[in-house]
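# Structural overview
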Protein chains: 2
Amino acid sequence: MSKEKQFVKEITPQNEDFSRWYIDVIKKADLMSYSPVRGCIVFKPDSYEIWELIQKELDARFKETGHRNAYFPMFIPESFFQKEKEHVEGFNPELPWVTEAGGEKLEERLAIRPTSETMIGHMYSEWINSYRDLPVLINQWANVVRWEKRTQPFLRTSEFLWQEGHTAHEDEADARRETMQMLDIYRDFAENYLAIPVIMGQKTPSEKFAGAVDTYSIEAMMKDGKAVQAGTSHYLGTNFAVAFDIKFLNRENQHQFCHTTSWGVSTRLIGALIMVHGDDRGLALPPKVAPTQVVIIPIGPAKTREQVVARADELFLELKKAGIRVKVDDRDQSPGWKFNEYEMRGVPIRVEIGPRDMENGQVVLVSRISGEKRIVAQADFTAEINKMLAEIHDQMFERAKQFRDEHYGAVDTLDEMKQFLDEKRGFLLAGWCGSAACEAQVKEETGATSRNIPFSPSEHKSTCLVCGEKAEHTVVFGRAY
Amino acid sequence: MSKEKQFVKEITPQNEDFSRWYIDVIKKADLMSYSPVRGCIVFKPDSYEIWELIQKELDARFKETGHRNAYFPMFIPESFFQKEKEHVEGFNPELPWVTEAGGEKLEERLAIRPTSETMIGHMYSEWINSYRDLPVLINQWANVVRWEKRTQPFLRTSEFLWQEGHTAHEDEADARRETMQMLDIYRDFAENYLAIPVIMGQKTPSEKFAGAVDTYSIEAMMKDGKAVQAGTSHYLGTNFAVAFDIKFLNRENQHQFCHTTSWGVSTRLIGALIMVHGDDRGLALPPKVAPTQVVIIPIGPAKTREQVVARADELFLELKKAGIRVKVDDRDQSPGWKFNEYEMRGVPIRVEIGPRDMENGQVVLVSRISGEKRIVAQADFTAEINKMLAEIHDQMFERAKQFRDEHYGAVDTLDEMKQFLDEKRGFLLAGWCGSAACEAQVKEETGATSRNIPFSPSEHKSTCLVCGEKAEHTVVFGRAY
């Protein structure tokens with residue numbers, strides 16, 4: 001059997017071929033391997049650790065807002081899908097089916113969950129009896145499967161990891177509050193943790209979740225101008241409650257259907273991180289989600305090596321105690337090789353220490369983002385590192401926001417949209433009459449889909465970019481992953 | 001659709017019907033629901049939180065010993081199973097098969113992983129080229145499926161959650177060191193975190209993992225005298241390396257097969273926790289793994305209520321700041337009802353505070369395990385709580401160990417074994433000649449299986465309990481879940 005060599009010599013420049021750049025970077029940075037199963041990847045330790053950091057932070061935010069985790073079976077009986085008509089139509093084409101198990105053909109086929117509204121709806125119908133049982137606020141961390149035709153590492157894989165929140169409420173107002181609360185947690189997390197600016201808004205009917213009344217999303221722009229839907233939150237109304245009989249005795253002692261919500265983010269966030277922040281030198285990881293935040297590299301001639309490494313180890317311990325994710329690289333390779341290596345892996349700060357620095361009681365801090373070199377006193381080391389990490393986060397967010405704003409236009413006609421997409425790439429605000437036909441025509445002629453109806457667009461458009469009739473909404477359009 | 005009522009009025013006493021006791025407890029304590037899929041349960045928040053605490057502690061121990069997490073596809077092509085003969089024979093009967101996906105029949109069936117040696121072996125063959133790549137030390141947290149005929153909540157479910165470590169090494173010595181290191185981590189975790197005494201030892205050939213050279217286990221005794229295998233660690237030799245071509249260029253520049261290991265514990269630990277520590281009043285959770293370690297219950301008449309609740313809230317915050325998992329129950333139910341409720345849910349310490357306690361600057365601590373009431377000064381509150389939590393852990397471990405030792409005999413013949421199992425239940429040390437036939441006869445006549453060949457038996461037996469020939473090993477036998 002031949003050994004697969006995933007070694008990439010040079011990273012293809014982004015403006016030469018963005019897709020090749022992406023694959024080059026994730027292979028060279030050792031984030032993933034293709035697996036022998038179609039559309040499934042292996043999350044190698046360096047990407048899985050990013051996911052662990054995402055999980056830890058989101059999980060804390062979910063728990064702060066009263067949610068608890070649980071775990072539901074991944075097998076969903078075929079009959080469950082039939083109960084919510086839009087849901088089955090939306091997901092049926094993507095389901096894998098278990099038809100045999102334990103040496104026997106199953107009486108009823110079992111799907112592997114693409115999402116768990118049906119299974120959880122069934123369970124909630126058993127658990128919820130009275131308004132006293134409400135709200136039910138549960139989240140699940142799990143693997144899900146959607147057998148996609150076109151896949152792309154992290155962004156769209158057959159099996160992926162995610163969290164799915166599922167809540168049940170007494171009335172619409174409470175369920176809508178929850179829907180918005182979780183959307184805002186996602187926005188805040190994307191901006192303040194991943195340094196990714198996002199556009200919050202509502203999906204158009206044709207783009208909403210199969211079975212939802214209303215779907216809301218946060219949308220991020222990649223460096224090729226394309227969109228990634230980075231998180232969604234759905235108000236499901238009573239659709240699943242009716243389908244699964246999730247009823248309760250209300251305060252007036254009458255039976256009533258619950259209003260439910262669901263919301264999720266997935267490992268596609270890893271892909272978004274890479275495509276928002278990476279550059280021609282490789283990955284660039286925002287400090288809060290970087291598995292290694294600081295790498296310390298001892299430099300200088302062999303005769304001072306032992307002393308310098310010993311000091312590097314002390315600096316390592318100092319940062320570690322302060323809760324910073326740090327690493328010393330005292331291997332034999334040249335400093336230059338190491339500088340390139342950690343730039344490529346996106347480590348936010350490189351610390352250089354050599355014999356002269358030892359003499360002067362100083363170290364050199366180098367930012368992955370700005371390239372800035374900062375000479376700081378060893379006495380201020382941890383404080384300066386924390387300061388620089390915070391600055392790097394802010395710089396990355398601002399840089400990504402500036403890029404997004406530069407590629408975020410507003411147009412009045414389809415022709416203008418085509419021209420913008422060809423010349424500048426990016427997102428476009430445009431008026432939309434509300435008809436599915438006009439929306440479909442945009443997609444057909446430009447490849448762009450409606451991303452969402454933003455809550456705070458920079459301007460409002462009064463006419464539909466396709467038919468010229470009165471605009472019902474101002475919509476963000478963009479080509480999407 | 002009818003509402004399932006899982007309400008349990010009374011818990012069946014353990015000595016009346018242990019199996020019913022178990023089901024009564026896990027339903028009444030709201031730990032799980034049966035799902036509509038055969039053999040699959042829902043892990044409700046109170047049991048999932050136990051799993052989260054188990055994960056957090058074990059994950060830290062794995063990382064301290066140099067392991068990193070990764071994630072591999074759950075789908076395993078059928079051909080992969082054929083590559084290791086014992087492995088396919090061991091697992092084939094329990095596999096669920098995906099035969100259709102995305103609206104098409106698959107060319108090759110995909111199994112849902114029962115364990116991941118095959119998939120991970122395939123990937124390691126791509127990743128490992130040189131001795132410089134070794135050791136590879138990876139762990140995966142995942143769901144796995146074994147389509148079992150007989151299932152039991154937590155202990156044996158079709159889908160369950162676990163971790164599986166998979167490592168590759170240059171030579172046998174290094175792989176065996178790893179195998180033993182992980183077994184000892186499991187032992188230490190079981191004893192010092194779950195308060196479950198375990199017997200470490202080696203599995204007999206008929207009980208080892210399908211594809212392993214040697215399997216080691218930790219075995220725990222439940223309160224009905226039956227065994228639960230609480231964790232396993234396997235030295236796989238070069239079996240999977242040969243099957244999946246995991247080769248490397250060694251220090252002598254020659255191609256050589258890796259030696260691999262695997263090791264795992266699962267959500268069955270939740271079942272073991274319940275069956276080792278629970279009693280006729282319900283759950284009893286060891287402090288380190290209890291989702292709620294302390295519950296504070298305000299008592300006294302209505303007129304002092306507000307004041308008492310305010311003080312209870314202060315005590316709550318004090319413990320919370322100290323990192324203790326604490327809850328205040330100021331609902332309307334009577335104190336007596338609450339006392340029973342939290343005893344049933346296994347909360348280690350109940351704190352009572354009433355108007356007289358406020359006057360005297362004291363609180364009352366009540367241990368779930370011993371029932372001991374301790375009046376302590378409010379000034380010493382956190383320190384006393386920490387002290388009592390540590391004591392409760394020790395008491396629970398000692399109590400479980402005493403029970404185990406009282407039900408752990410040694411016998412010379414099959415008849416003695418039968419008599420012991422009928423009269424006392426439990427584990428038995430016995431000599432064994434090493435033949436599979438004698439081992440099978442023990443199982444047939446007594447229902448007991450060899451648990452393991454313990455590393456430190458309390459005595460050595462010289463003759464086989466079945467054939468009377470010279471004993472090769474002294475083995476622990478017991479009926480098992």
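Criteria and cut-off values
Residues numbered from 1 in each chain as written. Chains lettered and ligands numbered in written order. Predicted model: local features only at pLDDT ≥ 70, side-chain atom pairs only at ≥ 80, totals over all residues. Heavy atoms only, no water. Helix = DSSP H or I, 4+ residues; strand = E, 2+ residues; numbered from the N terminus. Expected span 1.5 Å × (residues − 1). Buried < 20%, exposed > 50% of the residue type's maximum accessible area, 1.4 Å probe, protein only. Arc of directions from axis to C-beta. Polar contact = N/O pair within 3.5 Å; in protein donor to acceptor, adjacent residues only side chain to side chain. Contact = heavy atoms within 4.5 Å. Pairing = 2+ DSSP bridges. Axes fitted to C-alpha atoms, helices over the stretch in contact; angles between N-to-C directions. Buried area = accessible area lost by both parts, 1.4 Å probe. Salt bridge = Lys/Arg side-chain N within 4 Å of Asp/Glu carboxyl O. Nonpolar A, V, L, I, M, F, W, Y, C, P; charged D, E, K, R; others polar. Core = buried A, V, L, I, M, F, W, Y, C linked by side-chain atoms within 4.5 Å. Least-squares fit on C-alpha atoms with pLDDT ≥ 70 in both. UniProt positions renumbered as here; feature names shortened; annotations may be inferred. Phe/Tyr/Trp six-rings, centres within 6.5 Å; stacked < 30°, edge-to-face > 60°. Lys NZ or Arg CZ within 6 Å of the ring centre and 35° of its normal.

All names here are of chain B. Helix length check: helix 9 (residues 305-321), at 17 residues, gives a terminal C-alpha distance of 24 Å against a target of 24 Å (1.5 Å per residue), a fit within 8%. Of all the residues in helix 9, the buried ones are Val308, Val309, Arg311, Ala312, Leu315 and Leu319. Axial view of helix 9: buried residues confined to an arc of 160 degrees, hence all on one face. Projecting away from the buried face of helix 9 at angles above 90 degrees are the exposed residues Glu306, Gln307, Lys320 and Lys321. Phi turns positive, to about 80 degrees, at Gly323, one or two residues after helix 9.

A separate point is the side chain of Asp59 of chain A. On the secondary structure map, Asp59 of chain A appears in helix 2 (residues 45-64). A distance of 2.7 Å separates the side chain of Asp59 of chain A from the side chain of Lys63 of chain A, its partner in a polar contact. Within the structure, the side chain of Asp59 of chain A is placed 2.8 Å from the side chain of Trp141 of chain A, a separation counted as a polar contact. Excluding residues within four positions of it along the chain, Asp59 of chain A makes contact with Asn69 and Trp141 of chain A together with Glu52 of chain B.

Here we take up the environment of Asn360 of chain B. Looking at the secondary structure, you find Asn360 of chain B in helix 11 (residues 355-360). The exposure class assigned to Asn360 of chain B is partly exposed, which follows from its relative accessible area of 46%.

On to the sheet that holds strand 14 (residues 259-266) of chain A, then. One key point about sheets: their strands pair by backbone hydrogen bonds, in either a parallel or an antiparallel sense. All names here are of chain A. Pairing in this open sheet of 11 strands is mixed, and the strands run 3-7-8-14-11-10-9-22-23-21-20 from one edge to the other. Looking at which strands have only one partner, the edges of the open sheet turn out to be strand 3 (68-69) and strand 20 (408-410). Strands strand 10 (214-221), strand 11 (227-237) and strand 14 of the sheet are contacted by helix 8 (residues 268-277), whose axis makes an angle of about 145 degrees with strand 11.

Turning our attention to the interface of chain A and chain B. Counting from both sides, the interface comprises 66 residues of chain A and, opposite them, 67 residues of chain B. Across the chain A/chain B interface, buried area totals approximately 5,400 Å², and carbon plus sulfur atoms make up 58% of it. Taken together, chain A and chain B are joined by eight salt bridges. Here Glu100 of chain B ties to Arg109 of chain A by a salt bridge, and the two come within 2.5 Å at their closest N and O atoms. Connecting chain A to chain B are 29 residue pairs in polar contact (both at pLDDT 80 or more). In terms of residue count, the dominant contributor to the side of chain A that touches chain B is helix 2 of chain A (seven residues). Its residues placed into classes, the side of chain A that touches chain B shows 36 nonpolar, 10 polar and 20 charged. Two elements, strand 5 (residues 96-101) of chain A and strand 5 (residues 96-101) of chain B, share five bridges in a ladder whose sense is antiparallel. Within the sheet, the bridge partner assigned to Pro96 of chain A lies in strand 5 of chain B and is Ala101 of chain B.

On to the nonpolar core. If you look at the biggest cluster of nonpolar residues, it comprises 200 residues, and the most contacted ones within it are Phe75 of chain A together with Phe75 of chain B. In this structure, Phe75 of chain B is in contact with Val37, Cys40, Pro96, Ile112, Val145 and Trp147 of chain A together with Val98, Leu110, Ala111, Ile112 and Met119 of chain B, ignoring residues within four places of it in sequence. One finds Ala284, Ile353, Val363 and Met396 of chain A within the second-largest nonpolar core, a separate group that totals 25 residues.

A word on the sheet that holds strand 3 (residues 68-69) of chain B. All names here are of chain B. Ordered in space as 3-7-8-14-11-10-9-22-23-21-20, the 11 strands form an open sheet in which the pairing is mixed. On the outer flanks of this sheet lie strand 3 and strand 20 (408-410), each paired with one strand and no other. Examined bridge by bridge, strand 22 (residues 449-454) and strand 23 (residues 473-478) share three bridges and lie antiparallel to one another. Across the sheet, the residue bridging to Ser450 is Phe477, located in strand 23. Docked against the sheet, helix 13 (residues 414-423) engages strand 20, strand 21 (427-432) and strand 23, running at close to 170 degrees with respect to strand 21. Helix 14 (residues 436-446) rests against strand 21, strand 22 and strand 23 of the sheet, and its axis sits at about 150 degrees to strand 21.

Okay, the pairing of strand 5 of chain B next. Residue and element names in this part refer to chain B. For strand 5, a buried count of five out of six residues is recorded, marking the element as mostly surrounded by other parts of the structure. Sheet topology places strand 5 next to strand 6 (residues 104-112); four bridges connect them, and they run antiparallel. Its bridge partner lying in strand 6, Val98 is registered against Leu110. In sequence, strand 5 turns back onto strand 6 through a hairpin of two residues, with Gly102 there showing a positive phi of about 60 degrees.

A few words on the relation of the copies chain A and chain B. Here chain A sits on chain B after a turn of 180 degrees about the axis and a move of 0.0 Å along it, with an RMSD of 0.0 Å. Both copies of the chain, as the preceding transformation shows, are related through a two-fold rotation axis. Of the C-alpha atoms belonging to chain A, the one lying closest to the rotation axis is found on Val98 of chain A, 2.1 Å away. A share of 100% of interface residues in chain A that are also interface residues in chain B marks the association as one of identical surfaces.

Under the UniProt annotation, the feature "domain: Aminoacyl-transfer RNA synthetases class-II family profile" (unreviewed entry) is placed at residues 38-286 of chain A. Span residues 38-286 of chain A is 32% helix and 33% strand, its end C-alpha atoms 31 Å apart.

In this description, an aromatic ring pair is defined by two values, namely the gap between the centres and the angle between the planes. Per the counting criterion, the structure on display carries 32 aromatic pairs over all chains. One aromatic cluster is present, built from ring pairs that chain together Trp51, Phe62, Trp141 and Trp263 of chain A. Over the face of the ring belonging to Tyr481 of chain A we find Lys226 of chain A, whose NZ or CZ atom lies 4.3 Å from the ring centre. Positioned over the ring face of Trp127 of chain A is Lys44 of chain B, at 4.2 Å from the centre of the ring.

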